[in-house]
2 protein chains.
Amino acid sequence: MFTLPQKDFRAPTTCLGPTCMQDLGSSHGEDLEGECSRKLDQKLPELRGVGDPAMISSDTSYLSSRGRMIKWFWDSAEEGYRTYHMDEYDEDKNPSGIINLGTSENKLCFDLLSWRLSQRDMQRVEPSLLQYADWRGHLFLREEVAKFLSFYCKSPVPLRPENVVVLNGGASLFSALATVLCEAGEAFLIPTPYYGAITQHVCLYGNIRLAYVYLDSEGVKVKGLILISPQNPLGDVYSPEELQEYLVFAKRHRLHVIVDEVYMLSVFEKSVGYRSVLSLERLPDPQRTHVMWATSKDFGMSGLRFGTLYTENQDVATAVASLCRYHGLSGLVQYQMAQLLRDRDWINQVYLPENHARLKAAHTYVSEELRALGIPFLSRGAGFFIWVDLRKYLPKGTFEEEMLLWRRFLDNKVLLSFGKAFECKEPGWFRFVFSDQVHRLCLGMQRVQQVLAGKSQVAEDPRPSQSQEPSDQRR
Amino acid sequence: MFTLPQKDFRAPTTCLGPTCMQDLGSSHGEDLEGECSRKLDQKLPELRGVGDPAMISSDTSYLSSRGRMIKWFWDSAEEGYRTYHMDEYDEDKNPSGIINLGTSENKLCFDLLSWRLSQRDMQRVEPSLLQYADWRGHLFLREEVAKFLSFYCKSPVPLRPENVVVLNGGASLFSALATVLCEAGEAFLIPTPYYGAITQHVCLYGNIRLAYVYLDSEGVKVKGLILISPQNPLGDVYSPEELQEYLVFAKRHRLHVIVDEVYMLSVFEKSVGYRSVLSLERLPDPQRTHVMWATSKDFGMSGLRFGTLYTENQDVATAVASLCRYHGLSGLVQYQMAQLLRDRDWINQVYLPENHARLKAAHTYVSEELRALGIPFLSRGAGFFIWVDLRKYLPKGTFEEEMLLWRRFLDNKVLLSFGKAFECKEPGWFRFVFSDQVHRLCLGMQRVQQVLAGKSQVAEDPRPSQSQEPSDQRR
């Protein structure tokens, strides 16, 4: 463990206003301004700085101070996701509604998934599935998860069911791991830009901070390192050598490493050469290496709520399992997941080839649109998103301009995620999610182009309510 | 709010050893010795007092101090539930295995439930169910919950979907409510004896204590009151006048009231006259009254993980919903629950009459067995359990003897719950769960009777490892 300067990963003192990330958060946004790095037990006046004072006013006196902060995270989502939710695009019913290129979901394979989940082998209802079960997950499921990960992570030795804990999604797993690994107020290192919702996941229950890897001195105890591989939002993958370097670094400092491989099977470019951390011949510090995977991305089922931990550390597995009473998933769903994961034929011969082909086609479409517009971007052939460089559209290069541009997109009915939400250092980067049907992508890109060309209705004439005032969070 | 003396609801300084309650905890027990009333950030040496020192030794140095406490709760379950789990009774395969009369599950209606959940209307798989949804729960489900509760709680006015938040079970709801209503270290009042797993639910994430209602002075801030109605383990119900009195008392002290009505539809004696708090003409303090219900007991599906909050307080609903990303349930299960709850014909004409008849028959059987043995008990015709007075079998009337008697039962292959696990003040009370098939009840009661008559193989000759040493937790 080592320490980092308190000031450097304190929350910004100014509030950037509403959020634009909806990934794991969906119906309430992912406000990522690092507020969680504040102490949860702060009192009302100190909380005011982080949001709209009106929201943390006397009518919330029913809540504890942490309750108010938790509610604030929900409320602050309104401008982005809720605006979208109230005005969702529908080809027939609401063709002028908002196109969502902000939430990282794969909407390309519902036909395949609906078919698979409707097969007769999914419909088992038996008493053992309706009764209290092992909170680590039913053994039949943990066995399937171990086999599944052994195969798809290309593990040199078979992975073991006793190292598996299943629960209702990756968000829960971050929450549980943060709580059992860290004291309140300690921190995890994370390379930025990163999937910003993790800020909340480690904070709301666990009261853990994130320390961005561009920091470099001392003050707060760092307990671990979070690696997202393939990376979100960059779509990058780590080479085995890079993975090894991170792991050796972590071991040297006795840091836990949480490796989030939730996009592991969404590498649609063969040339990318993705490697799971579980494929390494030898983990430098297996007792401090904890791998997570879920079906939300790779099987395009964020609403199904299934995630899993793989760790050789039985203390960690047990402590997480002990919290699983709060993160449990239905026995019926556990049965379905076991059926799904064991159907290697369907996964290998139907689902993965088709999913990858569709992801690649959608990626190609959006990439070519961006090239046609002369917009630079980063994308490595993994994940559901392209990291787009719109810096040239910000005259002064500030985060305020980034927010204003994001609002112009939303006002022109296309929802994106802005770079600040990923703690990107440079203003002007946006995440475009491409894993959607082409007619929606096409319309979304048209709307993006209108805004960038200054042709959207509102771009030149922002209404007063569209200012970047932090208090404007209810829109 | 008012304050209670710190010392009075501190954890006991001696450890009673293993636990015997498995309700919501199932695979890891419900150790209820009040350990949660200690501060979570206590250091290792202070934790040693609460369990087996060997368990909190250097090999758990990977965990934070709260992680070690969380793991300890899991480990401490071993003697009861795990002994059972390794040696479960099965009529054919393991007739000398352990009969479980300790876990409060209804095992009488799996035939009805399996049939209902296998019907075609349950099998819907559609994209919206597989995508991120409102964390409060899909609107279609919250609408059904509101109608369901309006009807079965006999609400004077229709209950409203916007006051409903659904999540994966009652344990999660206690965890979320404790966190958003209280600061760390504050307390809820609870009348004892009570369903002791609540101790963990409010503590593991939320760091909240319980203050037993027999306490009466000052020192720690009390933030609310928990009522379990019908009561667990007493099987009592509160009259409308009693409910009103509690609510008025709470209002006077500005206390939140959490009313746990998880056995609401398991009142099998018509004469009992159960009333839901939602049936009251007017709640004294509706903004501080929060009602919970779940399908685990009333629909005998503890493994399905479905629970719901009903509160008029939108701040509380929102803050709980914000935590629901960690307590979410599958869209597929949400759909199934909506189908189930809306099938009023099946519930009223098939399920409830049959369930109540079976509960009543099982209750009659165990009651008569107890009467034949000359054993006094309390039971009011609600819930799955009988509160049995075995005080005359404890020569000195100590909790050590209670634990020893519980071990004798377990050694004679019948698992029960002892009174200390419910914070009962008098040693010698046990909870017998009767909601099981008659052949298992019959065998269980025979084994109970053998122990009480001193005829069990081990009763007169406890092995050394069966002593009540606190460190003996691995059995």
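Residues numbered from 1 in each chain as written. Chains lettered and ligands numbered in written order. Predicted model: local features only at pLDDT ≥ 70, side-chain atom pairs only at ≥ 80, totals over all residues. Heavy atoms only, no water.

1. What to know about the overall build of chain A
Item 1. Counting secondary structure elements, chain A contains 15 helices and 14 strands.
Item 2. Looking at chain A as a whole, 68% of its 475 residues are labelled buried.
Item 3. A separation threshold of at least 6 residues defines the contact pool for chain A, and within that pool the share at least 24 residues apart is 76%.
Item 4. Of the roughly 15,900 Å² of accessible surface on chain A, a fraction of 51% belongs to carbon and sulfur atoms. (Helix = DSSP H or I, 4+ residues; strand = E, 2+ residues; numbered from the N terminus. Buried < 20%, exposed > 50% of the residue type's maximum accessible area, 1.4 Å probe, protein only. Contact = heavy atoms within 4.5 Å. Areas by Shrake-Rupley, 256 points an atom, 1.4 Å probe, with all protein chains shown as cover.)

2. Remarks on the sheet that holds strand S13 (residues 417-418) of chain B
Residue and element names in this part refer to chain B.
Item 1. Strand order in the open sheet formed by four strands is S10-S11-S14-S13, and the pairing between neighbours is antiparallel. Both outer strands of the open sheet, strand S10 (377-378) and S13, are each paired with one neighbouring strand and no more.
Item 2. Two elements, strand S11 (residues 385-389) and strand S14 (residues 429-433), share five bridges in a ladder whose sense is antiparallel. Opposite Val-388, over in S14, you have Phe-430 as the bridge partner.
Item 3. Against the sheet, helix H13 (residues 344-372) contacts S10, S11 and S14, and its axis sits at roughly 10 degrees relative to S11. (Pairing = 2+ DSSP bridges. Axes fitted to C-alpha atoms, helices over the stretch in contact; angles between N-to-C directions.)

3. A look at the interface of chain B and chain A
Item 1. Counting from both sides, the interface comprises 90 residues of chain B and, opposite them, 90 residues of chain A.
Item 2. Summed over both partners, the interface of chain B with chain A comes to about 7,300 Å²; 56% of that surface belongs to carbon and sulfur atoms.
Item 3. Between chain B and chain A we count two salt bridges in total.
Item 4. In this structure, Asp-315 of chain A and Lys-71 of chain B form a salt bridge, with 3.5 Å as the shortest nitrogen-oxygen distance.
Item 5. Summed over the shared surface of chain B and chain A, the result is 49 residue pairs in polar contact (both at pLDDT 80 or more).
Item 6. Elements that contribute at least two residues to the side of chain B that touches chain A include exactly helix H2 (65-75), helix H4 (110-117), helix H5 (127-130), helix H7 (170-181), helix H8 (198-203), helix H11 (314-323) and helix H12 (331-342) of chain B.
Item 7. Along the lines of polarity and charge, the residues of the side of chain B that touches chain A split into 37 nonpolar, 36 polar and 17 charged. (Buried area = accessible area lost by both parts, 1.4 Å probe. Salt bridge = Lys/Arg side-chain N within 4 Å of Asp/Glu carboxyl O. Polar contact = N/O pair within 3.5 Å; in protein donor to acceptor, adjacent residues only side chain to side chain. Nonpolar A, V, L, I, M, F, W, Y, C, P; charged D, E, K, R; others polar.)

4. Some words on the confidence of the model for chain A
All names here are of chain A.
Item 1. The predicted model of chain A has a mean per-residue pLDDT of 82, with 81% of residues at 70 or higher.
Item 2. The model gives residues 4-59 a pLDDT under 50, and that stretch makes 201 contacts with residues more than four places away or in other chains.
Item 3. Taken together, the stretch residues 457-475 has pLDDT below 50 and engages in 44 contacts with residues farther than four places along the chain or on a different chain.
Item 4. Among the scores for the predicted complex, ipTM is 0.81 and pTM is 0.81. (pLDDT = per-residue confidence, 0-100.)

5. Notes on the packing of helix H4 (residues 110-117) of chain A against helix H13 (residues 344-372) of chain A
Residue and element names in this part refer to chain A.
Item 1. Packing of H4 against H13 brings their axes to within 10 Å, and their N-to-C directions diverge by 160 degrees. Taken together, the axes of H4 and H13 are roughly antiparallel relative to one another. Judged by the twist between their axes, the crossing of H4 over H13 is left-handed. Between H4, through Asp-111, Leu-112, Leu-113, Trp-115 and Arg-116, and H13, the contact on the second element is made entirely by Trp-346, Val-350, Tyr-351, Glu-354 and Arg-358.
Item 2. Partitioned by chemical class, the residues of the contact of H4 with H13 number six nonpolar, no polar and four charged. (Parallel < 35°, antiparallel > 145°, perpendicular 65-115°, else oblique. Left-handed = near helix turned anticlockwise from the far one by under 90°.)

6. A word on the pairing of strand S7 (residues 256-260) of chain B
All names here are of chain B.
Item 1. Within S7, five of the five residues are buried, which leaves it mostly tucked inside the rest of the structure.
Item 2. The pairing of S7 with strand S8 (residues 289-294) spans four bridges and is parallel. Paired with Asp-260 across the strands is Met-292, a residue of S8.

7. What about the side chain of Asn-313 of chain A?
Item 1. Mapped onto the fold, Asn-313 of chain A is located in the loop between strand S9 (307-311) and helix H11 (314-323).
Item 2. Polar contacts involving the side chain of Asn-313 of chain A include one to the main-chain carbonyl oxygen of Gln-287 of chain A, which spans 2.9 Å.
Item 3. Ignoring any residue separated from it by four or fewer positions in sequence, one finds Asn-313 of chain A in contact with Gln-287 and His-290 of chain A together with Tyr-62 of chain B.

8. Observations concerning the sheet that holds strand S13 (residues 417-418) of chain A
Across a sheet, strands are paired by hydrogen bonds formed along the backbone, either parallel or antiparallel in direction.
Residue and element names in this part refer to chain A.
Item 1. If you trace the four strands from one edge of the open sheet to the other, you get S10-S11-S14-S13, paired in antiparallel fashion. Taken across any chain shown, the strands that pair with only one partner, and hence form the sheet edges, are strand S10 (377-378) and S13.
Item 2. The strands touched by helix H14 (residues 399-411) within the sheet are S13 and strand S14 (429-433), with S14 carrying the most contacts at an inclination of about 30 degrees.

9. Side note on helix H15 (residues 438-452) of chain B
All names here are of chain B.
Item 1. Between its first and last C-alpha, H15 extends 21 Å over 15 residues, near the 21 Å set by a 1.5 Å rise per residue.
Item 2. Within H15, burial applies to Leu-441, Gly-444, Met-445, Arg-447, Val-448, Val-451 and Leu-452. Seen from one end, H15 has its buried residues packed into an arc of 160 degrees, which puts them on one side.
Item 3. The secondary structure elements touched by the buried residues of H15 are strand S2 (99-100), H13, helix H14 (399-411), strand S12 (414-415) and S14.
Item 4. Following H15 by one or two positions, Gly-454 adopts a phi angle in the positive range, close to 70 degrees. (Expected span 1.5 Å × (residues − 1). Arc of directions from axis to C-beta.)

10. Re the relation of the copies chain B and chain A
Item 1. Least-squares fitting of chain B to chain A yields an RMSD of 0.0 Å, with the transformation described by 0.0 Å of translation along the axis and a rotation of 180 degrees. Taken together, the turn and the small shift mark the pair as related by a two-fold rotation axis. Taking C-alpha positions as the reference, the residue of chain B nearest the rotation axis is His-327 of chain B, at 2.7 Å.
Item 2. A share of 100% of the interface residues of chain B reappears at the interface of chain A, consistent with the copies meeting face to face through the same patch. (Least-squares fit on C-alpha atoms with pLDDT ≥ 70 in both.)

11. Overview of the packing of H13 of chain A against helix H15 (residues 438-452) of chain A
Helix packing for two helices is described by the angle between their axes and how far apart those axes are.
Residues and elements named next belong to chain A.
Item 1. The contact between H13 and H15 brings their axes to 11 Å, and the two run at 15 degrees. It follows that H13 is roughly parallel to H15 by the angle criterion. Our pair here, H13 against H15, has a crossing hand that is right-handed. Where H13 abuts H15, its residues Ala-362, Tyr-365, Val-366, Glu-369 and Leu-370 lie against Val-438, Leu-441, Cys-442 and Met-445.
Item 2. Considering only residue class, the contact of H13 with H15 consists of eight nonpolar, no polar and one charged.

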